[in-house]
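# Per-entry structural report
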Amino acid sequence: MNIKITEEERNSIAKTMLDVFKMAKLSTKYNLTIDEKEKIKSIILGSHKTYRYIFITEIATKATLPEVNALALQMKSDLPGAYDARSVAHKVVVPFEKEYLNNSLGGSNEPFLNKPARFTSLSKNNAVRSGKDKQELLTMITLLKDIQQDKAKIYLQYSFSLLLKKIEEEKNKEVLRLQTQKSTTTYQLRNLLKQIISQSIGGQSLPLAIGTLLNEYIRSINAKDISIFVHKVNESGASSKEVGDIDIYLSDTLLATIEAKDKIFDVNDVEHAAQKAISAGLDSFLFIYNNSKLTNPKKAEIVNACKNIGCYVSLITFQDFMNVLLCFIHSTDLNKTYKTVNEIIKNASMTAKVQKNIDSIFKNISNTK
């Protein structure tokens, strides 16, 4: 007797799938033989997408409607209990997969339009490529032939557990891919900055590297109202809008100023920068240095000197400043970085030697990506 699946019965199949899916998320124990588990794995995790859909459709329907024949694909099959498996696949399994299984069966909208599902039933005589495809067909027939309702539920639960594990593994792979991508671009930026400061070029390279790093950070956090101004070397304070070597503004309000030193400096250099910060209405500033070593007593002397004139100073090497800020930069587009660097060079009137060095650095980085 052929069976016509009603809409109410399709709703029942969907409910069965959801109930069994919830069980699969809670339990890892299944009353199955090792052989049964391996056979189910070969289909659910196998290479034949259509067979995955067929298998899930058959066991979900059998787990709900025990009278159906789990080998039948179409109502016109000669098998007793034949039914239209395609209607169940397309109206129940496909929507369920999209909502709960993250398209882990294959993400097909109409899987039963593929040739393997267009036979009237599953049979070893069905035309299929020899090798793995043929073996999956025979394995599926072995599992579904004479299957009973209770066993179908266990098969369905185990299949869902395999798919859940597959989904989790894919998520982990994606996280790893994104982490690797993040690490790659972060290391590229770090490499770029280290190459920039490897040549002082008249003290121009350090403020260029600082300005580049700060611009990458504000772009990463989408802080569109914050602007970074890198001034021409040795001309900070030359106009009313210039305080330090690098000034940071929120709209028209000065937020912070940075003094950059790429050579040996003394207390007077830092005090002078502190006086400029105070004159601009700030009570603190950042002093970033490179190619110079400070002992702890010397640092304490500098900090106290600034404290005595009412200004807090944070002394930090460029290396440490870079290492901290890189942790907060979530994405890097080296094409945009190149554009930023060139804008800084232009706006700060840096020399042709700086431009030539930058072009060479970016060319090398592009060739090693």
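Residues numbered from 1 in each chain as written. Predicted model: local features only at pLDDT ≥ 70, side-chain atom pairs only at ≥ 80, totals over all residues. Heavy atoms only, no water.

This brings us to the overall build of the protein. Summing up its helical and strand segments, the protein has 12 helices and five strands in all. Against the 2.2 N^0.38 benchmark of 21 Å for 369 residues, the protein shows a C-alpha radius of gyration of 34 Å, more extended than a compact globule. Considering only C-alpha atoms, the protein reaches an extent of 100 × 40 × 40 Å along its principal axes. The proportion of buried residues among the 369 residues of the protein is 47%. (Helix = DSSP H or I, 4+ residues; strand = E, 2+ residues; numbered from the N terminus. Rg over C-alpha atoms; globule rule 2.2 N^0.38 Å. Buried < 20%, exposed > 50% of the residue type's maximum accessible area, 1.4 Å probe, protein only.)

What follows is about the sheet that holds strand β3 (residues 253–261). Pairing in this open sheet of five strands is mixed, and the strands run β1-β2-β3-β4-β5 from one edge to the other. Both edges of this open sheet fall to β1 (226–230) and β5 (312–317), since each of them pairs with a single strand only. Across the sheet, the axes of successive neighbouring strands diverge by a mean angle of 20°, strand direction being ignored. Pairing geometry for β3 and strand β4 (residues 284–289), over four bridges, is parallel. Residue pairing in the sheet places Ala260 in a bridge with Ile288 of β4. Packing of helix α7 (residues 205–220) onto the sheet brings it into contact with β1, β2 (246–250), β3 and β4, and relative to β1 it is tilted by some 170°. (Pairing = 2+ DSSP bridges. Axes fitted to C-alpha atoms, helices over the stretch in contact; angles between N-to-C directions. Contact = heavy atoms within 4.5 Å.)

Take α7 next. For α7, which comprises 16 residues, the first-to-last C-alpha distance of 22 Å matches the rise-based estimate of 22 Å (1.5 Å per residue) to within 8%. In terms of burial, α7 is a largely internal element, 14 of the 16 residues being buried. Looking at the residues trailing α7, positive phi occurs at Asn222, about 60°. (Expected span 1.5 Å × (residues − 1).)

Once that is clear, we can look at the pattern of salt bridges. Pairing between side chains of opposite charge can happen when the charged atoms of each approach one another. Using the criterion set out here, one finds eight salt bridges in the structure. Linking Asp19 and Lys15 is a salt bridge whose minimum nitrogen-to-oxygen distance equals 2.9 Å. Of this pair, Asp19 and Lys15 both sit in helix α1 (residues 7–26), four residues apart, which is roughly one turn of that helix. A salt bridge links Glu301 to Lys298; the shortest N-O distance between them is 3.3 Å. On the criterion of helical spacing, the pair formed by Glu301 and Lys298 is a turn pair, its members being three residues apart in helix α9 (residues 296–308). Residue Lys298 is classed as partly exposed on the basis of its relative accessible area, which comes to 31%. (Salt bridge = Lys/Arg side-chain N within 4 Å of Asp/Glu carboxyl O.)

Our focus in this paragraph is the confidence of the model for the protein. Across the protein, the average pLDDT comes to 91, with 94% of residues at or above 70. Low pLDDT (under 50) marks residues 236–240, which in the prediction has eight contacts with non-local residues, meaning those over four places away or in another chain. (pLDDT = per-residue confidence, 0-100.)

Taking 1.5 Å as the rise per residue, helix α8 (residues 267–279) with 13 residues should run 18 Å; its terminal C-alpha atoms sit 18 Å apart, in good agreement. Of all the positions in α8, only Val267, Val270, Ala273, Ala274, Lys276 and Ala277 are classed as buried. At its buried positions, α8 is contacted by β3, β4, α9 and β5. For α8, the N-terminal capping position is held by Asp266, with its side-chain oxygen 3.1 Å away from the main-chain nitrogen of Asn268. (Polar contact = N/O pair within 3.5 Å; in protein donor to acceptor, adjacent residues only side chain to side chain.)

In this section: the packing of helix α2 (residues 34–44) against helix α5 (residues 132–144). Helix-helix packing is described using two parameters, namely the angle between the two axes and the distance between the axes. The interhelical angle for the contact between α2 and α5, taken along N-to-C directions, is 130°, at an axis separation of 10 Å. The angle between the axes of α2 and α5 places the two elements in the oblique class. Crossing angle aside, the handedness with which α2 passes α5 is left-handed. Contact with α2, carried on its side by Glu36, Lys39, Ile40, Ser42 and Ile43, involves Glu136, Thr139, Met140, Thr142 and Leu143 of α5 and no other residues of that element. Across the contact of α2 with α5, the residue classes tally to four nonpolar, three polar and three charged. (Parallel < 35°, antiparallel > 145°, perpendicular 65-115°, else oblique. Left-handed = near helix turned anticlockwise from the far one by under 90°. Nonpolar A, V, L, I, M, F, W, Y, C, P; charged D, E, K, R; others polar.)

The next point concerns the environment of Ile278. By the element assignment, Ile278 lies in helix α8. For the pair Ile278 and Ile54, spaced 224 residues apart in sequence, the C-alpha separation works out to 76 Å. Non-local contacts of Ile278, meaning those with residues more than four positions away in its chain, are made with Ile309, Gly310 and Cys311.

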